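Observations on chain architecture
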Amino acid sequence: MPEPSAGLVGSFRHLDSLLEAIERLQQAGHRNLRTLSPVPHHAIDEALEKPASPVRYFTLIGCLLGGITGLVLTIATSLHYPLITGGKPILSIPPFLIIVFELTILFGGLLTLGGMLLNARLPRVHILPAYDPRFSEDRFGLWVRCEAKDFDAVGQLLRSAGAEEVHRAGE
Amino acid sequence: MQDASEKRGATPLPIPPRLIWAALGLLAVGGAAFLVGLLVDAARAWQIYLVNFLFWGGLAQGGVVFAAVYHVVGARWGPPIRRLAEGMAAFLPVSFVLFFPLYFGLDLFFGRVHELNPQRGGWFDPRFIFVRGGLGLGSMTVLSVLFAYYSLRPEVGLALERGLRPRRWLDGWLAEDWQGDLVERQRGQRGMDVLAAGVLLAYPITYSFMAFDLIMALDPFWYSSLFGGYFFLSTFYLGLAGLAVAAVLTRQCLGVQAITPGHFADLGKLLLGFNLTYVAMVWSQYVVIWYGNLPEETHFVVLRLWERPWAPLSWSVLVATVLIPFLVFLSQRAKQVPWIMLALGVLIAAGLWLERYVLVVPSLWHQEGLPFGWLEAGVTAGFLGAGALSYAFFLQNFAVVPSSGPHSPRS
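Residues numbered from 1 in each chain as written. Chains lettered and ligands numbered in written order. Predicted model: local features only at pLDDT ≥ 70, side-chain atom pairs only at ≥ 80, totals over all residues.

Some details on the overall build of chain A
Tallying secondary structure elements over chain A gives five helices and four strands in all. Helices and strands in chain A line up, N terminus first, as β-α-β-α-α-α-β-α-β. For chain A, whose C-alpha radius of gyration is 25 Å, the value lies well above the compact-globule estimate of 16 Å for 171 residues. With respect to the three principal axes, the spread of C-alpha positions in chain A is 80 × 30 × 30 Å. Counting over 171 residues, chain A shows a buried share of 23%. For chain A, the share of sequence-separated contacts (at least 6 apart) that also reach a separation of at least 24 residues comes to 84%. (Helix = DSSP H or I, 4+ residues; strand = E, 2+ residues; numbered from the N terminus. Rg over C-alpha atoms; globule rule 2.2 N^0.38 Å. Buried ≥ 20, exposed ≤ 12 C-beta atoms within 10 Å, placed from the backbone. Contact = placed C-beta atoms within 7 Å.)

Given below as structure tokens:
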């Protein structure tokens, strides 16, 4: 990620002040924001105005694929090896549906996991320059990527919203 | 401003008198319809009474079981939702009283069974069924009401101590021997810990018995060991649907803003989850009967799914309780819209009413045509009136938004 400057990181004690900082920065035209939070919280997603996650399409495609695979598997194997069991027709849908259901869930689950890893760019080899161990404990971090000339203004905004500490990312 | 709207619900709600009168009217209509029905066609009157007894009692019990689950898992996402669920305990004593008239219907329910299948021994003797049903329902009622008692007592006692609440009927019992906020809160917590576990242990047992005794045994030959599990799960699903309806109505009609669209979305997720669990139970039941293909098992399903007049009803049950809610609840937005939640809650509850109808009535009705008319509608309305009255009684006496105690809102 070749950037001229890694920007500033504000550290917050309370979620409310983090949300306030996000709102003020967005009003000031800073869109390249990133939060580091010890816990997931929907309020952060809403404040950052992120679009809905694309992972659900992975889930949908996985489920459809799994369902079709289940149908094809059960029907094709029964037709290739037509052995009458318990006096039922060769193509008996009720028991097939169990396989169809399980493959639907299996493929859906696996593709969801894959889609999540892909979209979150995980596993991450390099630690973010803005990361601080406290952001895994009891503080919220807000990483504002901006030019060096904006540092004063952004730092001011972060502090006025309630940041305990503001420093340059990577330092 | 937010404070004012937040406060609404922190004290008992005044229920508009016209709602009370409407509920009383329904109750009167129901009582009259049942009495006239007994004279005109006793068989129809009793079978619809049983359907409604299973439905409304189950709805209330399902709600209380949800509150017990909420307590046991230490949930915190919706204190008002929990309170609304506890409130359903108000109908349980009424439902218990409504169990006793069933004694006079026992011959109608089980007379033919013993003629056709005399081998059914003493276990399914109607008197024994009645006694164990009464014991089970009685203990469930006591456990549920006491669970609600321990939840309400710290609040009522504190409000009385501070003079924030005029002394009402029941308050003498609720706040008897009041020992101060701190002691009472701990005592309430302990009481709820024990009783929630008690409710959760007694519920599957009692409701399995209800399913075997009051539904399965109506058919002379059918038996299924899964049916009990199927029934208490479907009853829990019913409780959740009823809770969604209660939550929307309390917010939209009585103005309790502490119930938020976020709560609706959470209830919607639960409903979606139990929608899937419910259909899994339906399927587990169906596929075993299909595979075994034993006449004493299949006739029950064939009669309901493939023969008129029951078939269209059974398929409507699946559409109303499974298919439509599943599709709608996939959307996160839809779950937050109060009127969609209301419509879906009513749809699921209506579907489950029809489910109980289809489970009970085909075993008892052997004449032409579908037994549904003014009698059935009237008795159902009567039960609705009784349920609404007991719930209104609860809302009029207790706050929807817990003001103190372990489950008051944190924010």
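We are not done yet, so read on.
Concerning the overall build of chain B
Tallying secondary structure elements over chain B gives 15 helices and zero strands in all. When the backbone C-alpha atoms are referred to their principal axes, chain B occupies close to 65 × 45 × 40 Å. Counting across all 411 residues of chain B, residues that qualify as buried make up 43%. In chain B, of all internal contacts separated by at least 6 residues, the share reaching a separation of at least 24 is 83%.

Some remarks on the nonpolar core
Residue and element names in this part refer to chain B. Of all hydrophobic cores here, the largest spans 108 residues; its most connected members are Val 64, Phe 147, Leu 240, Leu 243, Ala 244 and Ala 247. The leading source of residues in this core is helix α3 (residues 42-72), at 18 residues. In this view, Leu 240 contacts Gly 62, Phe 66, Leu 267, Leu 270, Leu 271 and Phe 274; residues no more than four positions away in its chain are not counted. (Core = buried A, V, L, I, M, F, W, Y, C linked by C-beta atoms within 7 Å.)

Side note on the confidence of the model for chain B
Residue and element names in this part refer to chain B. Per-residue pLDDT for chain B has a mean of 91; in total, 96% of the residues score no lower than 70. Under a pLDDT of 50 for its full length, residues 1-6 has, in the predicted model, three contacts with residues more than four places off or in other chains. Scored by ipTM, the complex comes to 0.73, with pTM at 0.88. (pLDDT = per-residue confidence, 0-100.)

Describing the packing of α3 of chain B against helix α9 (residues 181-214) of chain B
Residue and element names in this part refer to chain B. Where α3 meets α9, the closest approach of the two axes is 9 Å, and the angle between their N-to-C directions is 150°. Between α3 and α9, the crossing angle belongs to the class labelled roughly antiparallel. Once α3 is placed against α9, the crossing between them reads as left-handed. Counted together, Leu 50, Leu 54, Gln 61, Val 64, Val 65, Ala 68, Val 69, His 71 and Val 72 of α3 and Met 192, Ala 196, Ala 197, Val 199, Leu 200, Tyr 203 and Leu 214 of α9 form the full contact between these two elements. (Axes fitted to C-alpha atoms, helices over the stretch in contact; angles between N-to-C directions. Parallel < 35°, antiparallel > 145°, perpendicular 65-115°, else oblique. Left-handed = near helix turned anticlockwise from the far one by under 90°.)

Section: the sheet that holds strand β1 (residues 8-12) of chain A
Residues and elements named next belong to chain A. With antiparallel pairing, the four strands of this open sheet are ordered in space as β2-β3-β1-β4. The outermost strands of the open sheet, each flanked by one partner alone, are β2 (33-36) and β4 (165-168). Recorded for the sheet is a direction-independent mean angle of 20° between the axes of neighbouring strands. Of the pairings in the sheet, the one linking β2 to strand β3 (residues 140-144) comprises four bridges and is antiparallel in character. Note that in β3 the partner of Arg 34 across the bridge is Trp 143. (Pairing = 2+ DSSP bridges.)

A short note on unusual backbone geometry
Cis geometry marks the peptide bond from Leu 122 of chain A to Pro 123 of chain A; its omega dihedral reads -5°. With respect to the helices, strands and loops of the structure, Pro 123 of chain A is situated in the loop between α4 (93-119) and β3. Here the phi dihedral of Arg 121 of chain A falls at roughly 50°; this positive angle occurs in a residue that is not glycine. Locating Arg 121 of chain A in the fold gives a position in the loop between α4 and β3. In the Ramachandran plot, Asp 177 of chain B falls in the positive-phi region, its phi being about 55° despite a non-glycine side chain. Relative to the elements of secondary structure, Asp 177 of chain B occurs in the loop between α8 (171-174) and α9.

A few points about the environment of Glu 20 of chain A
All names here are of chain A. Positionally, Glu 20 belongs in helix α1 (residues 15-27). Each C-alpha atom of the pair Glu 20 and Ile 98 lies 50 Å from the other, and the pair is 78 residues apart in sequence. Apart from residues no more than four positions distant in its own chain, Glu 20 is found in contact with Ala 161 and Gly 162.

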